[in-house]
2 protein chains.
Amino acid sequence: MLNYTTSEENYIKAIYHLQKVDGMVTTNELAAELESKPASITDMMKKLKAKKLLNYQPYQGFRLTADGTKVALGIIRRHRLWEFFLAEKLKFTWDEVHEVAEDLEHVSNKKLIDKLDEYLGFPRVDPHGDPIPDANGKIEISKKICITELAVNTVSTVASVSDHSSEILELLEHKKIAIGTKVEVKKKFEFDNSLEIKINRQPVITISEQLAKNIFVYTS
Amino acid sequence: MLNYTTSEENYIKAIYHLQKVDGMVTTNELAAELESKPASITDMMKKLKAKKLLNYQPYQGFRLTADGTKVALGIIRRHRLWEFFLAEKLKFTWDEVHEVAEDLEHVSNKKLIDKLDEYLGFPRVDPHGDPIPDANGKIEISKKICITELAVNTVSTVASVSDHSSEILELLEHKKIAIGTKVEVKKKFEFDNSLEIKINRQPVITISEQLAKNIFVYTS
DNA sequence: AAATAAATTTAGACAAATCTAAATTTATTT
DNA sequence: AAATAAATTTAGATTTGTCTAAATTTATTT
Ligand SMILES: [Mn+2]
Ligand SMILES: [Mn+2]
Ligand SMILES: [Mn+2]
Ligand SMILES: [Mn+2]
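From a predicted model like this one, the values you see are computed outputs, not experimental measurements. (Residues numbered from 1 in each chain as written. Chains lettered and ligands numbered in written order. Predicted model: local features only at pLDDT ≥ 70, side-chain atom pairs only at ≥ 80, totals over all residues. Heavy atoms only, no water.)

## Some thoughts on the domain arrangement of chain A
According to the domain assignment, chain A contains domain 1 (6–64) and domain 2 (144–218). Taken over C-alpha atoms, the centre of domain 1 of chain A sits 34 Å from the centre of domain 2 of chain A. (Domains from an automatic or database assignment.)

This is the structure in structure tokens:
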């Protein structure tokens, strides 16, 4: 496996995340994501195409090749393993890990990452509940739905939270909701789309639509 | 504290290590150390001087300012903490840690490093026995002498080993010599400068001049 | 189907870090 | 004190990654 610059890696990772949603990624989309300019995107797309990491025809958008996807999964593996390390071992809070992992992910020594993985006990998800690809780039995609879609009176487990800010973390901690928490929706209100939910055997609590939209649970 | 590029950091660190020996560092010396060309050194020296990290007059050599030294100690702190982490937690061998730490040292998040330090139990020396600067950049300089200088029949402790290769590690492991091992020189041979030494209460063993020159012990 | 708007690419510029080759300064020898 | 050698700097080029502004292509309206 060749090595890529930090800049190349940031483009590859961003494309990977955008194409999960879109399929095909556009120049302006990627420029917005990376907070850079469309002209810079075009330049890098030519380079990644030359390296066979990208399918790209001028004006037609782009997507990663199989090789490009492998590279992306390697970066995401490093990112999420470091996030896990920071949270689990160094006791960083949930909202702090991402920024530091953004730098650590670019240290791409294979042995370092595989030994780190082993040291951490081969964690399957990062502190936000996102899956960690294994050493072969295999990623476990669990079926998840937003808690707003969960049927009433069905117990499920919180799988991930899509917003990673300190503000949502504060609220979730206050309400004692974390990754892995067992939850059950008791009532849905049409007026404001708020939910009443139960956590284990505690009294029902209310969560707003804004909060609910960010909480995903396993469909089991 | 400002941030510096990986390239700037590598220059600063190399100057720090060279001036320990020399006092003043020269262009050619630094070019050799960094495996680059004199012209590149001059370019970077101008930049570091402009940033007030370096005292430099054309043709007169250079040395770090107080600010430059602080920056250097920060880099060395990160490098050695990561080396300790790799050896202690990830079970890397002694000769493998340096290369990986060369990359990790450039991730300069203050909180990351201070939390890592705490997690590791505030280690005072890295796996090679070199001192780790604390969060304030204070470095504990222990008085050391080469084992070749140690008086006969005086027990001392192995403080550090200057060669970091896998070859010397293999030999040291075979002879059961490590950082912290108590040693006593029993006899010195003038013919080949080999030494007979005792480790704890075990039978004497012989070490060659080449090996002895790389072993340093605390003077106490 | 033009005309207009939006998206994208191209052209040309710039900063960082590096190099080679030439010029300059300092050190060493005769 | 010249002459020569060694060390260092300068000049000019190259690569990577970025940008602005202009040109081009594609999409959307009239
Ligand atoms: Mn993240
Ligand atoms: Mn994450
Ligand atoms: Mn080292
Ligand atoms: Mn070391």
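## Overview of the sheet that holds strand S3 (residues 144–146) of chain A
Residue and element names in this part refer to chain A. Read across the open sheet, the 6 strands follow the order S3-S8-S4-S5-S6-S7; overall the sheet is antiparallel. A strand with exactly one partner marks an edge of an open sheet, and here the two such strands are S3 and strand S7 (205–207). Going from strand to strand, the sheet's axes swing by 50° on average, the running direction of each strand aside. Pairing geometry for strand S6 (residues 195–199) and S7, over 3 bridges, is antiparallel. Each bridged residue has a counterpart across the sheet, and for Glu-196 the counterpart in S7 is Thr-206. (Pairing = 2+ DSSP bridges. Helix = DSSP H or I, 4+ residues; strand = E, 2+ residues; numbered from the N terminus. Axes fitted to C-alpha atoms, helices over the stretch in contact; angles between N-to-C directions.)

## Examining the nonpolar core
Core analysis: the biggest nonpolar cluster contains 34 residues, and Trp82(A), Leu112(A), Trp82(B) and Leu112(B) have the highest contact counts within it. Elements with a minimum of two residues in this core: helix H4 (66–88), helix H5 (97–104) and helix H6 (110–119) of chain A together with helix H4 (66–88), helix H5 (97–104) and helix H6 (110–119) of chain B. Not counting chain neighbours up to four residues away, the residues in contact with Leu112(A) comprise Trp82(A), Val107(A), Leu86(B), Leu90(B), Phe92(B), Val100(B) and Leu104(B). One finds Tyr11(A), Tyr16(A), Leu18(A) and Ile76(A) within the second-largest nonpolar core, a separate group that totals 25 residues. (Core = buried A, V, L, I, M, F, W, Y, C linked by side-chain atoms within 4.5 Å. Buried < 20%, exposed > 50% of the residue type's maximum accessible area, 1.4 Å probe, protein only. Contact = heavy atoms within 4.5 Å.)

## Regarding the packing of H4(A) against H6(A)
Residues and elements named next belong to chain A. Relative to each other, H4 and H6 sit at 40°, their axes nearing to 10 Å. Of the possible angle classes, the one that applies to H4 and H6 is oblique. Judged by the twist between their axes, the crossing of H4 over H6 is left-handed. Along its contact with H4, which presents Arg-77, Arg-78, Leu-81, Trp-82 and Phe-85, the element H6 presents Leu-112, Ile-113, Asp-114, Leu-116 and Asp-117. Classifying every residue of the contact of H4 with H6 by side-chain character gives 6 nonpolar, no polar and 4 charged. (Parallel < 35°, antiparallel > 145°, perpendicular 65-115°, else oblique. Left-handed = near helix turned anticlockwise from the far one by under 90°. Nonpolar A, V, L, I, M, F, W, Y, C, P; charged D, E, K, R; others polar.)

## Overview of the interface of chain B and chain A
Size of an interface: often given as the accessible area lost when the parts come together. Counting from both sides, the interface comprises 18 residues of chain B and, opposite them, 18 residues of chain A. Summed over both partners, the interface of chain B with chain A comes to about 1,700 Å²; 71% of that surface belongs to carbon and sulfur atoms. Counting the surface chain B buries against chain A, the share from its top three residues, Leu90(B), Lys115(B) and Tyr119(B), is 29%. Along the contact surface separating chain B from chain A lie 2 salt bridges. A salt bridge links Lys111(A) to Glu96(B); the shortest N-O distance between them is 2.4 Å. There are 7 residue pairs in polar contact (both at pLDDT 80 or more) connecting chain B and chain A. When residues of the side of chain B that touches chain A are traced back to their parent elements, those giving at least two are H4, H5 and H6 of chain B. Sorting elements by how many residues they give to the side of chain B that touches chain A places H6(B) first, with 5 residues. Of the residues in the side of chain B that touches chain A, the class split is 11 nonpolar, 1 polar and 6 charged. (Buried area = accessible area lost by both parts, 1.4 Å probe. Salt bridge = Lys/Arg side-chain N within 4 Å of Asp/Glu carboxyl O. Polar contact = N/O pair within 3.5 Å; in protein donor to acceptor, adjacent residues only side chain to side chain.)

## Considering the layout of surface pockets
All names here are of chain B. Its volume calculated, the second largest pocket comes out at about 1,000 Å³. Mapped onto the lining of the second largest pocket, the elements with two or more residues apiece are helix H1 (6–22), H4, H5, strand S4 (155–161) and strand S8 (215–218). The class makeup of the residues in the lining of the second largest pocket is 13 nonpolar, 12 polar and 12 charged. Each of two domains, domain 1 (6–64) and domain 2 (144–218), supplies a minimum of three residues to the lining of the second largest pocket. (1 Å grid on protein atoms, 1.4 Å probe; cavity = no way out; pocket = protein on both sides within 12 Å on 5 of 7 lines; lining within 4 Å. Points joined across faces, edges and corners; volume = space filled by probe spheres on them.)

## Quick look at the coordination of the manganese ion (ligand 2)
All names here are of chain A. At 2.2 to 2.4 Å from the manganese ion (ligand 2) lie its protein donor atoms, namely Glu-83 (OE), Asp-126 (OD) and His-128 (ND1). Along the chain, the residues donating to the manganese ion (ligand 2) are arranged with the sequence spacing E-x42-D-x1-H. Between the manganese ion (ligand 2) and the manganese ion (ligand 1), a spacing of 3.4 Å is present, and a bridge between the two is formed by Glu-83. A residue pair is termed long-range when its members are at least 10 positions apart, and Glu-83 in helix H4 and His-128 in the loop between H6 and S3 qualify at 45 residues. Using a relative accessible area of 1% as the deciding quantity, one classes Glu-83 as buried. (Donors = N, O, S within 2.8 Å, 3.2 Å for Na, K, Ca; no water.)

## Brief notes about the pattern of salt bridges
Under the counting rule described, the total for this entry stands at 26 salt bridges over all chains. The salt bridge partner of Glu140(B) is Arg124(B), with a shortest N-O separation of 2.9 Å. A residue pair is termed long-range when its members are at least 10 positions apart, and Glu140(B) in the loop between H6 and strand S3 (144–146) and Arg124(B) in the loop between H6 and S3 qualify at 16 residues. Salt bridges sharing common partners tie together Arg77(A), Lys110(A), Asp114(A) and Asp117(A).

## Considering the packing of aromatic side chains
The relation between two aromatic rings is expressed through the spacing of the ring centres and the mutual angle of the planes. All names here are of chain A. Applying the stated criterion to the full structure yields 8 aromatic pairs over all chains. Between Trp-82 and Phe-85, the aromatic rings sit 5.5 Å apart at their centres with planes inclined by 85°, giving edge-to-face as the arrangement. Residue Trp-82 and its partner Phe-85 are both found in helix H4; the two are separated by 3 residues, about one turn of the helix. As far as the burial class goes, Trp-82 and Phe-85 line up, both buried. (Phe/Tyr/Trp six-rings, centres within 6.5 Å; stacked < 30°, edge-to-face > 60°.)

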